[in-house]
Amino acid sequence: MTHKFYGGPLSLYSGKARAYLDWKGVDYEEILSATEVYKTIIVPKVGRPVIPVMVTEEGETLQDTTLIIDHFEAKIGGPSVYPDTPKQRLVALLMEVFGDEWLVIPAMHYRWNYNEEWVYGEFGAVAAPDASKEEQLAIGRERGQTFKGFCPILGIDDQTIPAIEASYEALLADLDRHFAQYDYLLGSRPSIGDYGLIGPLYAHLYRDPASGEIMKRLAPRVAAWVERMVDVQQPLSGEFLPGDEVPQTLVPVLERMMAEQMPFLQKTAGIFAAWAEANPETEIPRAVGMTDFTVEGVTGQRIAPPFSLWMLQRPLDHYREMEAADKSAADEFLSTINGASAFQNFAMEQPLAFRNFKLILQ
Ligand SMILES: N[C@@H](CCC(=O)N[C@@H](CS)C(=O)NCC(=O)O)C(=O)O
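Since we're looking at a predicted model, the values are computed, not measured.

> What is the right way to read helix H2 (residues 35–46) from this model?
Residues spaced three or four apart along an α-helix face the same direction, because each turn holds 3.6 residues. The complete set of buried residues in H2 reads Val 37, Tyr 38, Ile 42 and Val 46. Taken end-on, H2 shows its buried residues confined to a sector of 90 degrees, consistent with a single buried face. In this structure, H2 carries Lys 39 and Pro 44 as exposed residues pointing more than 90 degrees from its buried face. Contacts made by the buried residues of H2 are with strand S1 (3–7), strand S2 (28–32), strand S3 (53–55), strand S4 (61–63) and helix H7 (133–148). Just downstream of H2 lies Gly 47, where phi reads positive at about 100 degrees.

So, in structure tokens, the structure goes:
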């Protein structure tokens, strides 16, 4: 038996894990998450319909791409996607949070506002691979509408859409300049940060046809990076830049994260701390309320997900556990990034752990 990876071509987080598994040289079989697979495998094992799910050859079930990646990082030696050096590791972990938990906003916007009909067909083809095209479209429409329905609670509405597009286009321009000089974020080897970004930038923003046309037109070097990431030519190859160097071209990308995502995460942490105090012993929900976020000067409302805080703990823990000399080097670098003090001083009163497919208080 080999590792079994349950996922799909449309899925943001499947794209993240698959790109990693291919680079790491993991031998696995990908199984489409058809309706039957959700019913007989995913829900019984994980407790809810979610992808991707990995069932290892030892029979262990892993959900959440970060845990899937960390499992194989520990198991397979050789080059790692986690840089050893302090600043690069910090930047890689921050970029994972930015990709996984923030760029889902443009990803969902472009998918559902530019590719809707096409996506329904794709949803149907995954859910019922043997059905006719008409049946697939009907099935896909039903299934896809649930995902489309997430757009408003993610903060995507008529008022925020122009700002979401302006921000995404500026991000593409920044990344295009970066990838003119470097193959990946931190050199010739992909890092965990590249895998965070590839989730939204592959399935929704490259593979969905109307989104892909925009990316290829505005940022051809980003599209070429997507292709390098998902069509792995040489597993386990490449190096991070020497001397713990973080390219200058990543500064505007980090500044965007600090300006847009960090204040939102701080509000989320505040809401979550109050929720946890008022609801001891209660299972942690996917959202603890709605809060505001600001993109390109426009403020909207979106759900406050505790899961994003668990992701942010990874760079925070790394930063706070640094030895003095590393910390001062990291601080010197962070001082070049506008808004980084929101990260350096982040208040997280209720640290989280993720066990048995659930968030719990630490
Ligand atoms: N943070 C998780 C997220 C997994 C996730 O949200 N997957 C999406 C598809 S790409 C899904 O199945 N959503 C349905 C749900 O969570 O109810 C990961 O990294 O695996």
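From this point on, the discussion continues.
> Would you mind showing me how to read the site of the ligand here?
In the vicinity of the ligand, 14 residues are found, and the nearest of them are Arg 48, Ile 51, Gln 63, Asp 64 and Thr 65. Measuring from a nitrogen atom of the ligand, one finds a backbone N or O atom of Ile 51 at 2.7 Å. Take Arg 286: an N or O atom from its side chain is 3.0 Å from an oxygen atom of the ligand. Coverage of the ligand by the protein chains reaches 85% of its 500 Å² of free accessible surface.

> Got a minute to help me understand the environment of Ala 224 in this structure?
By the element assignment, Ala 224 lies in helix H11 (residues 220–230). Accessibility expressed as a relative area gives 28% for Ala 224, which makes it partly exposed. In this structure the C-alpha to C-alpha distance between Ala 224 and Asp 183, which are 41 residues apart in sequence, comes to 9.1 Å.

> Sorry, what's going on with the pairing of strand S7 (residues 352–355) here?
When a strand is regular, its side chains alternate between the sheet's two faces. Bridge count between S7 and strand S8 (residues 358–361): four bridges; the pairing is antiparallel. Counted as the bridge partner of Arg 355 is Lys 358 from S8. Once S7 ends, the chain turns through two residues before running back antiparallel as S8, passing Asn 356 with a positive phi of about 50 degrees.

> In this structure, what is going on with the pattern of salt bridges? I would like to understand it.
Pairing is possible between side chains of opposite charge, provided their charged atoms come close. As enumerated under the stated definition, the model contains 20 salt bridges in all. For Lys 16, the salt bridge identified is with Glu 96, shortest N-O distance 2.9 Å. Taken together, the residues Lys 16 in helix H1 (residues 12–24) and Glu 96 in helix H4 (residues 86–101) connect sequence positions 80 residues apart. Its relative accessible area of 0% is what places Lys 16 among the buried residues.

> Which parts of the structure should I look at to understand a nonpolar patch on the surface?
On the surface, Phe 147, Phe 150, Ile 153 and Met 290 cluster together to form a nonpolar patch covering roughly 320 Å² of accessible area. Topologically, Phe 150 is positioned in the loop between H7 and helix H8 (161–181).

What counts and what doesn't
- Numbers given to residues run from 1 along each chain, matching the order in which its sequence is written.
- Given that the model is predicted, a residue must reach a pLDDT of at least 70 before its local features are reported, and side-chain atom pairs must reach 80 or more before they are shown or counted; all residues, however, enter totals for whole chains, interfaces and linings.
- With hydrogens and water set aside, each side-chain value is computed from the structure's full complement of heavy atoms.
- Using a 1.4 Å probe on the protein chains alone, a residue whose accessible area is under 20% of its type maximum counts as buried, one over 50% counts as exposed, and one in between counts as partly exposed.
- Counting from the N terminus, the helices are the DSSP runs of H or I reaching at least four residues and the strands are the DSSP runs of E reaching at least two.
- Within this analysis, the arc is defined by the directions that extend from the helix axis to the C-beta atoms.
- Note on contacts: a residue pair is in contact if any heavy atoms of the two residues lie within 4.5 Å.
- One heavy atom within 4 Å of a molecule or strand is enough for the residue carrying it to be called near that molecule or strand.
- N or O atoms closer than or at 3.5 Å make up a polar contact, with two conditions inside protein: a donor-capable atom paired with an acceptor-capable one, and, for residues adjacent in sequence, both atoms drawn from side chains.
- Every accessible area reported is derived by Shrake-Rupley at a probe size of 1.4 Å, with residue values counting cover from the shown protein chains alone.
- Strand pairing is defined by DSSP finding a minimum of two bridges between the two strands.
- When a carboxyl oxygen of Asp or Glu is within 4 Å of a side-chain nitrogen of Lys or Arg, the pair counts as a salt bridge.
- To count toward a patch, a residue needs a relative accessible area over 30% and no salt bridge; like charges are then connected within 9 Å, while nonpolar side chains (Val, Leu, Ile, Met, Phe, Trp, Tyr) are connected within 5 Å.

Geometry only, nothing functional implied.
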